[in-house]
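Below, each chain spelled out in residue letters.
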Amino acid sequence: MRRRAKGPTAPAPTTAQSLGSLIKSARDIMRKDKGLNGDLDRLPLLTWIMFLKFLDDLELQREEEASLARKKFRPALEAPYRWRDWAANPQGVTGDELLAFINQDETVRPDGTRGPGLFAYLRALTSANGDDRRDVIATVFRGVDNRMKSGYLLRDVINKIAGIHFTSSEELHTLGALYESLLREMRDAAGDSGEFYTPRPVVRFMVAVTDPRLGETVLDPASGTGGFLVEAFNHLGAQVKTVADRATLQRRSLSGCEPKPLPYLLCQMNLLLHGLDAPEIDPGNALRHKLSEIGEKERVDVIVTNPPFGGEEEKGVQGNFPEDRQTAETALLFLQLIMRKLRRRPTSAGLPARAAVVVPNGTLFGDGVCARIKEELLKEFNLHTIVRLPNGVFAPYTSIPTNLLFFDRSGPTQDVWYYEHPLPEGRKNYTKTTPIQFEEFTACQAWWTHRKENERAWKVPATELLASNCNLDRKNPRAKEDIAHLPPEQIAASILEKEQRIAEIMGRIQKLLARSAES
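Quick look at the structure, then. (Residues numbered from 1 in each chain as written. Predicted model: local features only at pLDDT ≥ 70, side-chain atom pairs only at ≥ 80, totals over all residues. Heavy atoms only, no water.)

### Description of the overall build of the protein
Each helix and strand counted, the protein has 19 helices and 11 strands in total. Taking all 519 residues of the protein together, 50% fall into the buried category. If you take every contact in the protein between residues at least 6 apart in sequence, the share linking residues at least 24 apart comes to 76%. Here the protein has roughly 24700 Å² of accessible surface; of this, 51% comes from carbon and sulfur atoms. (Helix = DSSP H or I, 4+ residues; strand = E, 2+ residues; numbered from the N terminus. Buried < 20%, exposed > 50% of the residue type's maximum accessible area, 1.4 Å probe, protein only. Contact = heavy atoms within 4.5 Å. Areas by Shrake-Rupley, 256 points an atom, 1.4 Å probe, with all protein chains shown as cover.)

Listed below in structure tokens is the structure:
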């Protein structure tokens, strides 16, 4: 764990209050710039500036450690591109000169020599010198731009960020929490771009009951901004007792995949701020590999994820899946990937490899390709639990009812337990301003290890589900549902689902009629 350097020159600790004030000041400065429009522009800019400051603080610390150990230090960035060379001096390069240094392919650099501009240099980095971090840095900066129009305002922002000390574990923890609040603001500003947002209480619950153990490998193939990986990192961090445990956590525990540039950058920063030194996030599409070519070496012990649903994948990606399981529906492709990626043998903790996945209601009742995937899930995996979430959990991003699937590699399914998560007393819906809380999962967590049927929980034999064409959409037999009192959003979503199902069936009937006409 990083620690603040001792000595008379060590900077004074920054409190949560002063850190919040510092970030607010930086955002206020950005609001004056004509090139930025809202938090969707401001947060990425704030993130890449913090990323470079964080990197330099880490490099300074490692350089010092290498010097004490009399070892050669190989920096990820060379002069004059390190933070200390061009940003640390508050009276340093500014105005148009600063913009030219950052934005242009070739420019006069702060040390007076000509060479690539900052972004051009960072994007061209490679790991040819043996440092994998250079590939990460290049990937991060290929996906971001500097949109600020005023080099003077940009200098003011840089001077504010210079006040954050990334070598202090206490400040990193505070900044990590602060950064999460910024992410939430950005997601709210994103409107319909909420595909990479899962409410933190749902993430915490899924990680808690899946219970990754130190030494196991955890994957989120649709990482988004890294919420599941951060929660898994914290969960595993609580199990660390020795230096060797810490090394295991840092080097061999977590991996992710996120193809979109902005969430990729935010995910990297989110994990760095929470203490993971070198996040292993693949910037490509997790679905780009042929499913049949994923072997035991590529498999993992635990998968926790909320894959995008409602999206459509291109034909080339669909071709990576078996012919009778090809579909444009992203959620079904991810479900197949997750099943394939789970390790077949027990994990280092002696447990079966396991997964927790968010899926829309449509996955439960879907037939055709969807039913074939669920048939494999029931016959080859132990689909032990489905938690049915109430309406509005993902508000305001979608009103589609959602479920949490929990399955493992312990053998074929015998029974599927259902748990209907209730709304708080007196509530008919979750909303943006009154979201779900983690404490509301307390009853489900208590039930998890001592299962009995009750007014919220019931089980269905796998044979019954297989006989019904794998329809997993089973209602609570003890619930007293009154359709007239359901929220309008839920009724609309239910109608939409049924319409989509009718359209799918009609499409198949049309194809059958066309084939019979040809023969």
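### Thoughts on the pairing of strand β6 (residues 302-305)
Judged by which residues are buried, β6 turns out to be covered on both faces: V302 and V304 on one side and I303 and T305 on the other are all buried. Looking at chain direction, strand β3 (residues 218-220) and β6 are connected through 2 bridges and run parallel. Pairing of V218 across the sheet is with V302, part of β6. Relative to strand β7 (residues 354-360), β6 runs parallel, the two sharing 4 bridges. By the bridge assignment, T305 is partnered in β7 with V357. (Pairing = 2+ DSSP bridges.)

### Here's the deal with the pairing of strand β9 (residues 402-408)
Here β9 lies mainly inside the structure; 7 of its 7 residues are buried. The alternating pattern of β9 places T402, L404, F406 and D408 and N403, L405 and F407 on opposite faces, both of which are buried. For β7 and β9, the ladder comprises 7 bridges, and the chain directions are antiparallel. Each bridged residue has a counterpart across the sheet, and for V359 the counterpart in β9 is N403. Here strand β8 (residues 382-388) runs beside β9; their pairing, made up of 6 bridges, is antiparallel. Bridged to N382 within β9 is D408.

### Quick notes on the packing of helix α2 (residues 39-68) against helix α12 (residues 261-273)
Where α2 contacts α12, the axes come no closer than 10 Å and their chain directions differ by 45 degrees. Considering their axes alone, α2 and α12 lie oblique with respect to each other. In this structure, the crossing between α2 and α12 has a hand that is left-handed. From α2, L43, P44, T47, M50, F51 and F54 reach across to α12, where they touch L262, L265, L266, M269 and L272. Classifying every residue of the contact of α2 with α12 by side-chain character gives 10 nonpolar, 1 polar and no charged. (Axes fitted to C-alpha atoms, helices over the stretch in contact; angles between N-to-C directions. Parallel < 35°, antiparallel > 145°, perpendicular 65-115°, else oblique. Left-handed = near helix turned anticlockwise from the far one by under 90°. Nonpolar A, V, L, I, M, F, W, Y, C, P; charged D, E, K, R; others polar.)

### Observations regarding the pattern of salt bridges
Under the definition given, this model contains 22 salt bridges. Among the ionic pairs, R84 bridges to D56, the shortest N-O distance being 2.9 Å. Note that R84 is positioned in helix α3 (residues 83-86) and D56 in helix α2, a separation of 28 residues in sequence. Where R82 meets D85, a salt bridge forms, and the shortest distance between an N and an O atom there is 2.9 Å. The class for D85 is partly exposed, based on a relative accessible area of 27%. (Salt bridge = Lys/Arg side-chain N within 4 Å of Asp/Glu carboxyl O.)

### Quick look at the packing of aromatic side chains
Counted by the stated rule, this structure contains 17 aromatic pairs. Relative to Y121, the ring of Y81 lies with its centre 3.9 Å away and its plane at 5 degrees, an arrangement referred to as stacked. Here Y121 lies in helix α5 (residues 118-123) and Y81 lies in the loop between α2 and α3, a separation of 40 residues in the sequence. Across the pair, Y121 and Y81 agree in class, each one buried. Between Y419 and W447, the ring centres sit 5.0 Å apart and the planes meet at 45 degrees, which makes this aromatic pair tilted. One end of the pair, Y419, is in strand β10 (residues 415-420); the other, W447, is in helix α17 (residues 442-449), and 28 residues separate them in sequence. Comparing Y419 with W447 shows no difference in burial state: the two are buried. For R204, the ring lying beneath its charged end belongs to F438, and the centroid distance is 3.8 Å. A cation over a ring is seen here: R451 above W448, with NZ or CZ 4.6 Å from the ring centre. (Phe/Tyr/Trp six-rings, centres within 6.5 Å; stacked < 30°, edge-to-face > 60°. Lys NZ or Arg CZ within 6 Å of the ring centre and 35° of its normal.)

### Considerations on the packing of helix α4 (residues 95-103) against helix α7 (residues 151-161)
The geometry of α4 relative to α7 is characterised by a closest axis approach of 7 Å and an angle of 75 degrees between their N-to-C directions. Here α4 is positioned roughly perpendicular relative to α7, judged by the angle of their axes. Residues G95, L98, L99 and I102 of α4 touch α7, and the partners they reach there are G151, Y152, L154, R155 and I158. Residue composition of the contact of α4 with α7, grouped by class: 6 nonpolar, 2 polar and 1 charged.

### A word on the nonpolar core
As a rule of thumb, nonpolar side chains are buried together in soluble globular proteins. Formed by 97 residues in total, the largest nonpolar core has its most connected members in M50, L52, L122, F141 and F205. Sort the elements by how many residues they give to this core and α2 lands first, with 11 residues. Those residues in contact with F141, other than ones at most four positions away along the chain, are W48, F51, L52, F119, L122 and R123. Counting residues in hydrophobic clusters, the runner-up holds 30 residues, among them V300, I373, L378 and Y418. (Core = buried A, V, L, I, M, F, W, Y, C linked by side-chain atoms within 4.5 Å.)

### A closer look at the side chain of R109
Tracing the backbone shows R109 in the loop between β1 (106-108) and β2 (114-116). Among buried Asp, Glu, Lys and Arg side chains, R109 stands out as unpaired, with D111 the closest opposite charge at 4.1 Å. Residues contacting R109, with those up to four places away along its chain left out, are P80, Y81, F101, R114, G115 and P116. (Lys, Arg positive; Asp, Glu negative; His and termini not counted.)

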